[in-house]
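So you can see what is in the structure, the chains are spelled out below.
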Amino acid sequence: MDEYSRFVDWDKMDVSAQSQDTKELTCTDLHELKQLARQGYWAKNHSLRAKVYHKLISNIPCRTVTPDANVYRDIVVKIIGKRNSSSLPLPEFVDNSLIPTYCLNAEGIGAVRKIILCIANQFPDISFCPALPSVIALLLHYSKDEAECFEQVCRILACNDPSKRLIDQTFLAFESSCMTFGDLVNKYCQAAHKLMVAVSEDVLEVYSDWQRWLFGELPMVYIARIFDVFLVEGYKVLYRVALALLKFFHKVRAGQPMESDSIQQDIRAFVRDIAKSVSPERLLEKAFAIRLFSRKEIQLLQMANEKALQQKGITVKQKSCLLMFQQNVHLAVHAENFKSEIVSVKEMRDIWSWIPERFALCQPLLLFTTLEHGCSLSRFYSHSEGHEPTLLLIKTTAKEVCGAYLSTDWSERRRGGNKLSFFGTGECFVFRLQPEVERYEWVIIKHPELASTGSETGNHAQPASSTLSSSSIPSDPSDRLSPFLAARHFNLPSKTASMFMAGSSECIIVGGGDGQALYLDADLNHGRTSHCNTFNNQPLCSESFQISILEVWGFRD
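What you are looking at is a predicted structure, and each value in this text was computed from that prediction instead of being measured.

Caption draft 1: Geometry of the overall build of the protein chain. Check the secondary structure of the protein chain and you find 21 helices and eleven strands. Residue burial in the protein chain is summarised as follows: out of 557 residues, 58% are buried. Intrachain contacts of the protein chain at a sequence separation of at least 6 include 74% that bridge at least 24 residues.

Caption draft 2: Representation of the packing of aromatic side chains. Summed over the entire model, instances satisfying the criterion amount to 26 aromatic pairs. Both rings, one in F181 and one in W210, keep their centres 5.4 Å apart while their planes meet at 15 degrees; by these two values the pair is stacked. Residue F181 is found in helix α7 (residues 171-188), and its partner W210 is found in helix α10 (residues 210-217); the two are separated by 29 residues along the sequence. Here F181 matches W210 in class, with each residue buried. Between the aromatic rings of F359 and F555, the centroid separation amounts to 6.1 Å while the plane-to-plane angle is 55 degrees, which identifies the pairing as tilted. Pair noted here: F359 is in helix α18 (residues 357-360) and F555 is in strand β11 (residues 544-556), with a separation of 196 residues, a long-range link. For the residue pair F359 and F555, the accessibility class agrees, reading buried in each case. Members of the aromatic cluster, each reached through a chain of ring pairs, are W352, W354, F359, Y405, F429, F431 and F555. Stacked on the ring of Y188, the Lys or Arg K187 has its end atom at 5.5 Å from the ring centre.

Caption draft 3: Region of interest: the pairing of β11. Strand direction decides the pairing type here: strand β1 (residues 363-369) and β11, joined by six bridges, are antiparallel. Its bridge partner lying in β11, L366 is registered against W553. Bridge count between strand β2 (residues 390-396) and β11: six bridges; the pairing is antiparallel. In the strand pairing of β11, K395 is matched with I549.

Caption draft 4: Representation of the side chain of R268 within the structure. Along the chain, the position of R268 falls in helix α13 (residues 263-272). Contact partners of R268, with chain neighbours within four places excluded, come to D209, R212 and E217.

Caption draft 5: Fine view of the packing of helix α4 (residues 106-122) against helix α6 (residues 146-157). Running from N to C, α4 and α6 point in directions that differ by 45 degrees, and their axes come no closer than 10 Å. Between α4 and α6, the crossing angle belongs to the class labelled oblique. In this structure, α4 crosses over α6, and the sense of that crossing is right-handed. Contact residues: α4 offers A111, K114, I115, C118, I119 and Q122, while α6 offers E146, C149, F150, V153, C154 and L157. For the contact of α4 with α6, the residue count by class is nine nonpolar, one polar and two charged.

Caption draft 6: Layout of unusual backbone geometry. Cis geometry is found at the peptide bond from E388 to P389, where omega equals 0 degrees. With respect to the secondary-structure elements, P389 resides in the loop between α20 (377-384) and β2. Omega for the peptide link from Q434 to P435 comes to 10 degrees, which places this bond in the cis form. On the secondary structure map, P435 appears in the loop between β5 (429-434) and β6 (438-440).

Caption draft 7: Region of the structure containing the pattern of salt bridges. Across all of its chains, the model carries 21 salt bridges by this definition. K12 serves as the salt-bridge partner of D9, at 3.9 Å between the closest nitrogen and oxygen. For K12, a relative accessible area of 53% puts it in the exposed group. Between R272 and E217 there is a salt bridge, with the nearest N and O atoms lying 3.0 Å from each other. Of this pair, R272 sits in helix α13 while E217 is found in helix α10, placing the two residues 55 residues apart along the sequence. In this structure R272 comes out as partly exposed when scored by relative accessible area, which is 42%. Three or more residues are tied together by salt bridges with common partners; here these are R49, R225 and D228.

Caption draft 8: Region of interest: the packing of α7 against helix α15 (residues 295-311). Between α7 and α15, the least distance of the axes is 8 Å, while the angle of their chain directions is 120 degrees. Here α7 lies oblique to α15, going by the angle between them. As α7 runs across α15, the sense of the crossing is right-handed. Taking contact as the criterion, the partners of L172, A173, E175, S176, S177, M179, T180 and D183 in α7 are, on α15, I298, L301, Q302, N305, E306, L309 and Q310.

Caption draft 9: Fine view of the nonpolar core. Membership of the largest hydrophobic core comes to 124 residues, with the highest contact counts inside it found for I119, I136, I156, W210, L214, I226 and L283. Broken down by element, the residue count for this core peaks at eleven residues, all from helix α12 (residues 236-253). Residue-level mapping places this core at the junction of two domains, with at least three residues from each of domain 1 (1-168) and domain 2 (170-319). Once residues lying within four places of it in the same chain are set aside, the contact partners of W210 are S177, C178, F181, Y235, L238, Y239 and A242. Membership of the second largest hydrophobic core comes to 28 residues, among which are F368, Y381, C428 and I508.

Caption draft 10: The environment of D11, seen in detail. Tracing the sequence through the fold places D11 in the segment before α1 (30-39). Taking the relative accessible area as the measure of exposure, D11 reaches 77% and is therefore exposed. As a C-alpha pair, D11 and L104 span 93 residues in sequence and 10.0 Å in three-dimensional space.

Caption draft 11: View of helix α14 (residues 280-289). Among the residues of α14, those classed as buried are P280, L283, L284, A287 and F288. Considered in projection along α14, the buried side chains sweep an arc of 125 degrees and stay on one side of the axis. Turned more than 90 degrees away from the buried face of α14, the exposed residues are E285 and A289. Those residues of α14 that are buried are in contact with α1, α11 (220-233) and α12.

Caption draft 12: Up close: the side chain of E400. Along the polypeptide, E400 turns up in the loop between β2 and β3 (401-406). The contacts of E400, once residues within four sequence positions are left out, are I394, K395, Q434, C541 and S542.

Caption draft 13: Structural detail: the confidence of the model for the protein chain. Overall, the prediction assigns the protein chain a mean pLDDT of 81, with 81% of residues at 70 or greater. Looking over the protein chain, one finds the lowest element-wise mean pLDDT in helix α21 (residues 461-467), namely 30, and the highest in α6, namely 97. For residues 319-331, every residue scores under 50 in pLDDT, and the model assigns this stretch 24 contacts once sequence neighbours within four places are set aside. A low-confidence stretch, residues 532-536 stays under pLDDT 50, and its non-local contacts, those more than four residues away or across chains, total three contacts.

About the thresholds
- Residues numbered from 1 in each chain as written.
- Predicted model: local features only at pLDDT ≥ 70, side-chain atom pairs only at ≥ 80, totals over all residues.
- Heavy atoms only, no water.
- Helix = DSSP H or I, 4+ residues; strand = E, 2+ residues; numbered from the N terminus.
- Buried < 20%, exposed > 50% of the residue type's maximum accessible area, 1.4 Å probe, protein only.
- Contact = heavy atoms within 4.5 Å.
- Phe/Tyr/Trp six-rings, centres within 6.5 Å; stacked < 30°, edge-to-face > 60°.
- Lys NZ or Arg CZ within 6 Å of the ring centre and 35° of its normal.
- Pairing = 2+ DSSP bridges.
- Axes fitted to C-alpha atoms, helices over the stretch in contact; angles between N-to-C directions.
- Parallel < 35°, antiparallel > 145°, perpendicular 65-115°, else oblique.
- Left-handed = near helix turned anticlockwise from the far one by under 90°.
- Nonpolar A, V, L, I, M, F, W, Y, C, P; charged D, E, K, R; others polar.
- Salt bridge = Lys/Arg side-chain N within 4 Å of Asp/Glu carboxyl O.
- Core = buried A, V, L, I, M, F, W, Y, C linked by side-chain atoms within 4.5 Å.
- Domains from an automatic or database assignment.
- Arc of directions from axis to C-beta.
- pLDDT = per-residue confidence, 0-100.

If you want it as structure tokens, here you go:
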């Protein structure tokens, strides 16, 4: 076929899908490259794709001393010798049971193992890199020889641009990416997440498979199309595609019985056979239709998850650490240690499945209950302050149960002085458990006049409105990060903060999703909601209600 065909078994490839047009790629504009990659401009021309890969990888900023093709030629004989590479044990940082062949011939399959062993020799700091075999197998399709493939992989591994994440190389980075993916599923694939919670005892274990779906189970033609875009746009593309896979899995399998005893195995089987239901073009179209967080925001979320793992002492892949990690997640709400007058253990575990993964590692800790501490807003604040995040649970006299996940310490309300002060982050959300379970995705509180519904709080309406004035919120969303994470946690400008919670000596307001908002009077006996049925959602609870019990829960390591 061409000079890049040495390792390809063309009998296993769909040659009819290959074009013989002698196309060239001359553009250097990043925006244009993104469009061409997404459109598959070089996907059907084997030689052109090889040249594009070489060009894109050669432009990756790397460490000064990065192993190249000559290094490979020097060390491969010393490491492999005359032994058959298939008989040599692979390093522990790859999954020996998952070495994709991607339509490689026998020489190519052997070359994958040789290159892995040589990379282990040159990169002693790599401790966990399950995606590596897949990347090597794919790049062998577009390399003239083993040494050239080795050099390209080394450049990807040695990237030193802190803003450009490519491949996870430590267990800490990998596990935090799994937690980040879980957070993204929780936000962008709520129907699929609900299914995972219903059928799996350990949701994070399911989400820990997300890279395997891409770099192991997907057919070669799919991962190649994803890699086209990945080399141009970076790590964020992987999250997009994995979310799209989960959406398609839920759509295709919704209402059908599981094909095995494990949802993990069902998803893997679906991804392996994805050609039966979804084309590569449709998969990418779905992936880029998701209005995902910015690259900066995902990076901040990943940092927060890494910090949570480090605080738990989980930085390396050891059986004892993994067992402790899984127990922390699964047993965070333990039946023997948990007692609430509002929700059952199962209901609390359902709520736990909605909260950010880094806090799902913690155990619930009761901070305040009206049954013990009385109906006093000042005592509510005194018991809740100093804890971040917190969980608010309410049971009404009509047996309705609702609540809110509150991402920010209530002490932040003091920044507004005596005025009704708005604060919080986009991780806040409200939910209902009775009469039906419903989680409402967050929105910024857009109608602070809710606080003036009653005559007793009319004096707070103007301050709230001024807090949300156009001068305090940039009109162009591109001027700032979206308010998903707390600005002060990451030393970001204060203008990146937004308004999801409000508190004063007179009332509490929590903004929810789909127009939902919850308002509580100072005596903690009465409350009301504001909602619109834009998406035909049921209201959070009665428009006006009396509180039977109110609890506030914190998170304990």
